[in-house]
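# An overview of the molecular structure
This is what each chain is made of:
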Amino acid sequence: MKLKLFILTLFISTLSFAQTKGTLTGTISDKDSNNETLPFANVLLKGTLINATTDIDGKYSVNAPAGNYILQFSFIGYESVEIPVIVKAGATTTYNQALGSSSYKLEDVVITTNTNRQKETALLLDQKNAVEIKQSIGTQELARKGVSDVATAVTKTTGITKQEGSGNIFVRGLGDRYNSTTMNGLPIPSNDPEKKNLNLEIFSTDIVEYISIDKVYNGKIYGDFAGGNVDIVSKDYKGDGFLKIDVGSKVNTNALSEDSFRLQTGTSNFGFTKKDIPANALTQYNYGSLQMKEYTPIASSFGISGGKSFNVGSQGRLSLFATASFGNDFSSKNNGTAKASVNGNGIANKNFERFSELKYDTNTTAMANIGYKINSNNKVSFNSLYINTSTQSKEEYYGYIVDIANDGNGLIRRFNYEKNSLWINQILGDHKVGDRSKLNWGISYNIIDGSMPDRVQNIFRNEPSGYQLSSISAPDNHRYFQKLKEDELAANASYDYKFNKDEAGDFKGKFTFGYNGRVKSRGFQATQFNLKANNGFTNTVVDPNNLDLFYNQNNFDNGFFNIATFRGNSQVFNALDPQTYSGDQTVHGAFLNTEYKFDKLTAIVGLRGEQISQKVDWYTQLGGIGNDRLEKTAFLPSVIMKYELNDKQNLRLGASKTYTLPQFKERALFVYEEVLQVKVGNPFLYESDDYNLDIKWEMFPKSDELISVTAFGKYILNPMNEVTISSSSNDISFINTGDYGYVAGGEIEYRKQLFNIDSENAKKLSAGINASYLYSNQELNTEKVNSETNYQVDFTNKTSKFTGASDLLLNADLTFFNEWNKANSNLTTTLTYSYFSDRVNAIGTNGKGDLVDKAFGSLDFIAKSKLTEKLGLGLVVKNILNPSINRVQENATGDVNVLSYKKGMNLSLSLNYQF
């Protein structure tokens, strides 16, 4: 009886207590991003231990005894907000709150972040929730891995490598022509006449919010896609205000070890020198000096950035961000050997026992961003980015040159100076129309001005009496001037309309329709002035380090040498007219995507249509005056599906059809000569069609952990490759090499926090690894090439891998984070390793084997320390292993090493101070 009475009393007391409690619920959103929800934000009843964390949809719920409280909302990088609330007994009360960004920074020496979307955990969450299959890398991860440019950044993601010696990337074994680059979703031009994409090395990570990589096609992207699309999302500052100054210094061990680091004189150390073809270039010697100046190969950098936000009225907010920086770099390739025009028996027309390259690079970057949030539903922003880069180099090759230096006593020296200026301007808009609709739009105008002013080449023969200039062929000694000008106008617009609202108030379906358009115009011109010694002066002894003693106005007047272009030296017959090509390309595309959620399955079915026109005109030594036009109408279906296995696992599928366009220079009958190879255009080159399939499983054990496995395949009709054609100089051209090719492979990624001591002074150890295996194969059809073009080829093999495709790619990193001084100071140390296996550089013909870049790995060490609240220090050591970089020609009689060198280690020290 007593027991029953006790139970009854306990039940009544519990019921009475429950009736004195109430529930607070609501959603926390980002005030500066059109009220997008904030997952993992903190909710606290001030003065109590009652708290909660928002879920992935930004929703929270807390239970508390009835009464009056102060409810506190907070999130890292955002202002804390406190509001009075009333908990009503037995009732549920809703309090929604929008948080604005604060001036608090997530600091780690190089990158200052002020919004969670730069954090690894936030980007992983975005990847988890998105229906599209994508990867992103933010500034927090970039800083941790010591990455300073976008090209290196994307190689830290699965299945992507960078071509050695350039900023060009390969996505799943597919090179430049199969990939695309955008900034904030709008296309950006290339600074290289041979390339489709901009050299991503010129993009400093200082301007980056995060980088998104789409390896699975969706209808919003231009259809010229097979490998991947790299979208650079620029910084969008939202905090109260900051000013930051960075200084740094860097050395390359190879450059430091040079007895003399000498380059051609006449250029500015800041990379803004402009040169033009001199007046009276055929009748007077008015060219720049060939003297060299000495450099101290210690690089430096300086940067300043700042931002501030202002409230405008009761709902508006104006955000300003600007950054400017300058950096230079010295590098050297040494211990080098090289061969060119190697036949199937391993005999080379050029066999250099020693070669070296010295380079001095500069990069000046300035960006301004203005964002105006009109209210919670409307925002517009303006971005303007200017990048000026320059490269000054000296290449020297010593050894055998057929018919010129048959005793191995030859020397080829080439001075080169390249300057490129890129100016990107964008206006972007984001508008919500009620709870169902959203409009996004963007307009961009981009200009690129590239020049190679006064490239110099000289070929010598070292006789017992001294060095003599070669006079076998007129182009042996020349001055070359090149200009590239390209502008592009592009526009994007998309409209979302949600439908079929369920009982919980969530929409199950969404239509997205939109338009993408781009109009691009390119002008290119080049003039080469050949300086050939006249009879009677061909054996003149010269000083290679003081060629001004031979090439001068007095010797020109006295007939020591003559100056001519490929059209001769008569001004009457327009010998000064440059070789030119121009290109015009327009793309207009419209798309409709339908997204629908069936419980755990979400699908996007898309259809895109594009009208493409590409016209090329040329006036060159190879093809005279000519033109060609490529027209295409493309219908591009796509489907993406996501199945939520549980709250931590997703299964995804993507399938699509796309295409690949040739580039302007590939279709213009133009000759471009390098020291080791000559390239010519092919007006018969045409587009490829691509069929793509991806299946992916992913698991997110914790907010900062990821396990994923992907299988993918691609089938390409009429693939394009660089091929050695039958010619006296073994020229390389661009050819549709067969009817088909295919790629299949798998990728795996694993990010794991090994331990985390969450105390006043935290300690964390984390690791990451991603790897991809790739199998590629393509038909090589000699008859197809000979019948479709004016060129003749004879493929050595019937099939081949895709150029640039490595069987195995590997990236790994290990990071230790340590806090002290009550979390006011910290140290992050990271060890990273990257590896790629052998990959084909060019396809072999006429009994010659494929050119193959041999495998190598790279080990880097990064240390970043926050010494005080405002002062940071960083140390980066790159290429610690300093492996030999080798390229071989895989002949049937054995491999022939055609290129070998070492790059040396790079050591850099950086310091920053934030006011």
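Heads up: these notes are all about the structure in this document.

Analysis parameters
- Residues numbered from 1 in each chain as written.
- Predicted model: local features only at pLDDT ≥ 70, side-chain atom pairs only at ≥ 80, totals over all residues.
- Heavy atoms only, no water.
- Core = buried A, V, L, I, M, F, W, Y, C linked by side-chain atoms within 4.5 Å.
- Buried < 20%, exposed > 50% of the residue type's maximum accessible area, 1.4 Å probe, protein only.
- Helix = DSSP H or I, 4+ residues; strand = E, 2+ residues; numbered from the N terminus.
- Phe/Tyr/Trp six-rings, centres within 6.5 Å; stacked < 30°, edge-to-face > 60°.
- Lys NZ or Arg CZ within 6 Å of the ring centre and 35° of its normal.
- Pairing = 2+ DSSP bridges.
- Axes fitted to C-alpha atoms, helices over the stretch in contact; angles between N-to-C directions.
- Salt bridge = Lys/Arg side-chain N within 4 Å of Asp/Glu carboxyl O.

## So, the nonpolar core
If you look at the biggest cluster of nonpolar residues, it comprises 30 residues, and the most contacted ones within it are Val 150, Val 154, Phe 203, Ile 211 and Leu 385. Ranked by residues supplied to this core, first place goes to helix 4 (residues 150-154) with 4 residues. The next biggest cluster of nonpolar side chains, apart from the first, holds 25 residues, and it includes Phe 524, Tyr 581, Val 680 and Leu 780.

## Some details on the packing of aromatic side chains
All chains considered together, the criterion is met by 35 aromatic pairs. On the numbers, 6.2 Å between centres and 65° between planes, the contact of Tyr 581 with Phe 670 is edge-to-face. On the criterion of sequence distance, the pair formed by Tyr 581 in strand 33 (residues 579-598) and Phe 670 in the loop between helix 7 (664-667) and strand 37 (671-673) is long-range, its members being 89 residues apart. In this structure, Tyr 581 and Phe 670 share a single accessibility class: buried. The structure contains a cluster of three or more aromatic residues connected by ring pairs, namely Tyr 285, Tyr 287, Phe 481, Phe 529, Phe 537, Phe 550, Tyr 551, Phe 556, Phe 560 and Phe 561. Stacked on the ring of Tyr 480, the Lys or Arg Arg 455 has its end atom at 4.0 Å from the ring centre. Between the NZ or CZ atom of Arg 518 and the centre of the ring of Tyr 222, over which it lies, the distance is 5.3 Å.

## So, the sheet that holds strand 3 (residues 42-45)
In space, the 4 strands of this open sheet follow the order 4-3-6-7, with antiparallel pairing throughout. In this open sheet, the two strands that pair with only one neighbour each are strand 4 (51-53) and strand 7 (81-87). Averaged over all adjacent pairs, the angle separating strand axes in this sheet is 25°, with direction ignored. Here strand 3 runs beside strand 6 (residues 67-74); their pairing, made up of 4 bridges, is antiparallel. From the neighbouring strand, Val 43 faces strand 6, where its bridge partner is Phe 73.

## Digging into the sheet that holds strand 18 (residues 228-234)
The strand order across the open sheet built from 5 strands is 12-17-18-15-16, with neighbouring strands paired in mixed fashion. Of all strands in the sheet, those with a lone pairing partner are strand 12 (135-138) and strand 16 (186-187), marking the two edges.

## As for the pattern of salt bridges
Inspection of every chain in the model, using the stated rule, returns 32 salt bridges. We note a salt bridge from Lys 250 to Asp 329, for which the minimum N-O separation is 3.7 Å. Remark: Asp 329 occurs in strand 23 (residues 316-342) and Lys 250 occurs in strand 19 (residues 241-252); sequence separation between them is 79 residues. Given the relative accessible area of 28%, Lys 250 is considered partly exposed.

## Some details on unusual backbone geometry
The phi angle at Asp 454 is positive, at roughly 70°, despite the residue not being glycine. Note that Asp 454 resides in strand 27 (residues 437-463). With relative accessibility at 5%, the residue Asp 454 sits in the buried group. Look at Asn 500: it is not a glycine, yet its phi comes out positive at around 60°. Owing to a relative accessible area of 38%, Asn 500 belongs among the partly exposed residues under this scheme.

## Some details on the pairing of strand 23
For a regular strand, the rule is simple: side chains alternate between the two faces of the sheet. Two elements, strand 22 (residues 298-312) and strand 23, share 12 bridges in a ladder whose sense is antiparallel. In the sheet register, Phe 302 faces strand 23, and the bridge partner there is Phe 326. Between strand 23 and the antiparallel strand that follows it, strand 24 (residues 348-375), lie 5 residues; Gly 346 among them carries a positive phi value of about 90°. Both strand 23 and strand 53 (residues 894-902) contribute to a ladder of 3 bridges, which runs antiparallel. When the bridges of strand 53 are listed, Ala 338 appears paired with Leu 899.

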